[in-house]
Amino acid sequence: MTGEIPSLEDLPIVEGTRVLLRADFNVPMTDGRITDDGRIRAALPTIAWLRGRGAAVIACSHLGRPKGAPDPALSLAPVAARLGELLGAPVALCPEVMGPRASEMAAALAPGGVLLLENLRFDPGETSNNPGLADALASLAQVYVDDAFGAVHREHASVMGPPARLPCAGGRLLVRELEVLDRLQRDPERPFAVVLGGAKVSDKLGVIDALVEQCDTLLVGGAMCFTFLLAQGHGVGDSLVEPDHVDACRELLEGGVVRIPTDVVIAQEIAASAPTKIVPATAVPDGWKGLDVGPETAGTYADAVRDARTVFWNGPMGVFEIEAFAAGTRTIAEAVAETKAFTVVGGGDSAAAVRKFGFEADIDHISTGGGASLEFLEQGDLPGLRALREGRRA
Ligand code: ADP
Ligand code: MG
């Protein structure tokens, strides 16, 4: 699959070639400050490769969810500044996504120069996959590189349009992400353990369906375990549940691959000061919510991770943002860091948890695309990848 996607080496890049680079600079920000620049760092190998060949780079990305109009709080200005620091070279920010300024600034770029267009989603055509926006973006450059793994599951203009208009390739990050997912999907070394948590079971039923066929054990935590417990007829108190998905959960449990918690940490409210109790997972009292897996569950899940040869983890085991409900997630993160297995973590919050607990360096691959990695594992392909595979060749 990855082999069919053209790579940087396939592009006709010479001194001064203008390259449109779709990156994923959708970084977490608080009050206009970047709190985690991981996604910017992840794009550096491709940018360095392009500049090393004398290309002029016109980078573009979305940030957050502006409503199809400029929103100063979601400007890419902080990203341009941070990217400039990391590259040790100035990165100009074009105040528009398309228009005369974008054309002028792109045309004026020197070899090795880097320009960043303003947030793609300031233009309503990005999410509606508007051909006019695709034309405008493509007109800025001579070739197109997609390194935005976190966006390849979206049929958006900057992902779908340029590959049909310009010679195209996947960047270093995109190729690396696909190699890793391919390894999980095609020929995982066994035992293959999958750990899934997070907030919503509805987000993850599709991938669970696909993964139960491929893995040896699928360990469920997070809020979604309560829909499974409900499916077995247990009381779940005020825990988050999605009753519409109870039947699907019951069916999944029949296969014997899916395992659910035996004990959970409960509280009456999601607050650092709330008193907590550890109870059997089958007996969450009314008025209480399950907010983390219990120590027995965390221990058995961690053992399965340690015994595995391949591990994929998506979704925290509890409300790890609050210390009182973080122990389950920390125990899993530690096991994923320690195991001899090939380890892959996907999901924005799971990745944040791994970094928060200091285990980043001991994990083989932390995906920059949570949604994209889940959809890839579920469907085996993604729209943006098809666009590259079917796109123009040099
Ligand atoms: P990821 O970003 O890694 O894919 P999700 O976005 O699916 O993960 O879920 C992360 C969120 O799930 C976290 O904010 C966490 O607080 C929340 N969460 C985990 N367990 C529970 C729970 N038992 N009750 C409520 N929220 C939970
Ligand atoms: Mg998330």
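The structure this text deals with has already been given above.
Conventions we followed
- Residues numbered from 1 in each chain as written.
- Chains lettered and ligands numbered in written order.
- Predicted model: local features only at pLDDT ≥ 70, side-chain atom pairs only at ≥ 80, totals over all residues.
- Heavy atoms only, no water.
- Pairing = 2+ DSSP bridges.
- Helix = DSSP H or I, 4+ residues; strand = E, 2+ residues; numbered from the N terminus.
- Axes fitted to C-alpha atoms, helices over the stretch in contact; angles between N-to-C directions.
- Buried < 20%, exposed > 50% of the residue type's maximum accessible area, 1.4 Å probe, protein only.
- Near = heavy atom within 4 Å.
- Polar contact = N/O pair within 3.5 Å; in protein donor to acceptor, adjacent residues only side chain to side chain.
- Areas by Shrake-Rupley, 256 points an atom, 1.4 Å probe, with all protein chains shown as cover.
- 1 Å grid on protein atoms, 1.4 Å probe; cavity = no way out; pocket = protein on both sides within 12 Å on 5 of 7 lines; lining within 4 Å.
- Points joined across faces, edges and corners; volume = space filled by probe spheres on them.
- Parallel < 35°, antiparallel > 145°, perpendicular 65-115°, else oblique.
- Left-handed = near helix turned anticlockwise from the far one by under 90°.
- Contact = heavy atoms within 4.5 Å.
- Nonpolar A, V, L, I, M, F, W, Y, C, P; charged D, E, K, R; others polar.
- Right-handed = clockwise from strand over helix to strand, strands pointing away.
- Salt bridge = Lys/Arg side-chain N within 4 Å of Asp/Glu carboxyl O.
- Expected span 1.5 Å × (residues − 1).
- Phe/Tyr/Trp six-rings, centres within 6.5 Å; stacked < 30°, edge-to-face > 60°.
- Lys NZ or Arg CZ within 6 Å of the ring centre and 35° of its normal.

Student: Sorry if this is basic, but what is going on with the sheet that holds strand 13 (residues 263–267) here?
Tutor: To summarise the sheet geometry, strands pair through backbone hydrogen bonds and adopt either a parallel or an antiparallel arrangement. Across the sheet, which stays open at both edges, the 3 strands sit in the order 14-13-16 with antiparallel pairing between neighbours. A strand with exactly one partner marks an edge of an open sheet, and here the two such strands are strand 14 (276–280) and strand 16 (289–293). Averaged over all adjacent pairs, the angle separating strand axes in this sheet is 40°, with direction ignored. Alignment of strand 13 against strand 14, held across 5 bridges, turns out to be antiparallel. When the sheet's bridge partners are listed, Ile266 is paired in strand 14 with Lys277.

Student: How do you make sense of the pairing of strand 1 (residues 18–22) when you look at a structure like this?
Tutor: Residues in a regular strand point their side chains to alternate faces of the sheet. For strand 1, the buried fraction is high: 4 of the 5 residues fall into the buried class. Pairing analysis gives 5 bridges linking strand 1 to strand 4 (residues 56–60), with the strands arranged parallel. Bridge assignment links Arg18 to a residue of strand 4, and that residue is Ala56. Relative to strand 7 (residues 143–146), strand 1 is paired through 4 bridges, and the arrangement is parallel. Across the sheet, Val19 pairs through a bridge with Val143, a residue of strand 7.

Student: Would you mind going over the site of ligand 1 with me for this structure?
Tutor: In the neighbourhood of ligand 1, 19 residues make up the surrounding shell, with Lys204, Gly290, Glu321, Asp349 and Ser350 lying closest. Separating a nitrogen atom of ligand 1 from a backbone N or O atom of Gly290 is a distance of 3.0 Å. Here Glu321 contributes a side-chain N or O atom positioned 2.6 Å from an oxygen atom of ligand 1. Contact with the protein chains hides 83% of the accessible area of ligand 1, taken as 580 Å² for the molecule alone. At the level of secondary structure, the elements contributing two or more residues to the shell around ligand 1 comprise strand 16 and helix 14 (348–356). The element contributing the most residues to the shell around ligand 1 is helix 14, with 3 residues.

Student: What's the story with the layout of surface pockets in this structure? I'm lost.
Tutor: One simple way to see leftover space: roll a probe sized like a water molecule over the atoms. Within this model, the second largest pocket holds a volume of roughly 240 Å³. Secondary-structure elements contributing two or more residues to the lining of the second largest pocket are helix 1 (38–42), helix 8 (172–186) and strand 19 (365–366).

Student: I tried to follow the packing of helix 12 (residues 295–307) against helix 13 (residues 327–338) on my own but got confused; where do I start?
Tutor: The relative placement of two packed helices comes down to the angle between their axes together with the axis-to-axis distance. Interhelical geometry of helix 12 versus helix 13 gives an angle of 15° and a closest axis separation of 9 Å. When the axes of helix 12 and helix 13 are compared, the pair comes out roughly parallel. In this structure, the crossing between helix 12 and helix 13 has a hand that is right-handed. Contact with helix 12, carried on its side by Ala298, Tyr301, Ala302, Val305 and Arg306, involves Gly328, Thr331, Ile332, Ala335, Val336 and Glu338 of helix 13 and no other residues of that element. Across the contact of helix 12 with helix 13, the residue classes break down as 7 nonpolar, 2 polar and 2 charged.

Student: Explain empty space enclosed by the protein to me, please; I cannot follow it from the model alone.
Tutor: For the structure shown, the criterion picks out 1 cavity of 30 Å³ or more. For the largest cavity, the full set of lining residues is Ala23, Asp24, Arg39, Ala43, Asp147, Leu173 and Thr368. A per-class count over the lining of the largest cavity returns 3 nonpolar, 1 polar and 3 charged.

Student: What is the right way to read the pairing of strand 6 (residues 114–117) from this model?
Tutor: Residues Val114 and Leu116 line one face of strand 6 and the alternating positions Leu115 and Leu117 line the opposite face, and both faces are buried. Both strand 5 (residues 91–94) and strand 6 contribute to a ladder of 4 bridges, which runs parallel. Along strand 6, the bridge assignment pairs Cys94 with Leu117. Regarding the hand of the β-α-β motif, the stretch spanning strand 5, helix 4 (residues 100–107) and strand 6 is right-handed.

Student: For this particular structure, what's the right way to read the pattern of salt bridges?
Tutor: Should their charged atoms come close, side chains of opposite charge can pair. For the structure shown, the criterion picks out 18 salt bridges. Salt-bridge contacts for Arg39 lead to Asp24; the nearest nitrogen and oxygen are separated by 3.2 Å. You can see Arg39 sitting in helix 1 and its partner Asp24 sitting in the loop between strand 1 and strand 2 (29–30), a full 15 residues away along the chain. Of the residues examined, Asp24 reaches a relative accessible area of 6% and is grouped as buried. For Glu360, the salt bridge goes to Arg355, with nearest N and O atoms at 3.1 Å. On the accessibility criterion, Glu360 (40% relative accessible area) is partly exposed.

Student: Any chance you could explain helix 13 here in plain terms?
Tutor: Structurally, the α-helix is built with 3.6 residues per turn, so residues lying three or four positions apart point the same way. Taking 1.5 Å of rise per residue, 12 residues should cover 16 Å, and helix 13 covers 16 Å from first to last C-alpha, within 8% of that figure. Within helix 13, the full set of buried residues consists of Gly328, Thr329, Ile332, Ala333, Ala335, Val336 and Ala337.

Student: Just to check I follow, could you spell out the packing of aromatic side chains for this structure?
Tutor: What describes a pair of aromatic rings is the distance from one ring centre to the other and the angle between the planes of the rings. Evaluated as defined, the whole model comprises 0 aromatic pairs. One Lys or Arg, Arg183, reaches over the ring of Phe342 and ends 3.6 Å from the middle of that ring.

Student: Honestly, unusual backbone geometry in this entry has me stumped. Any pointers?
Tutor: The peptide bond linking Arg190 to Pro191 adopts the cis configuration, its omega dihedral lying at 0°. Relative to the helices and strands, Pro191 is located in the loop between helix 8 and strand 9 (192–196). A positive phi angle is found at Asp31, which is not glycine, with a value near 50°. Along the chain, the position of Asp31 falls in the loop between strand 2 and strand 3 (33–34). In this model, Asn129 sits at a positive phi of 55°, which is unusual for a non-glycine residue. Counting through the fold element by element, Asn129 comes out in the loop between strand 6 and helix 5 (131–139). Judged by relative accessible area, which is 28%, Asn129 ranks as partly exposed.

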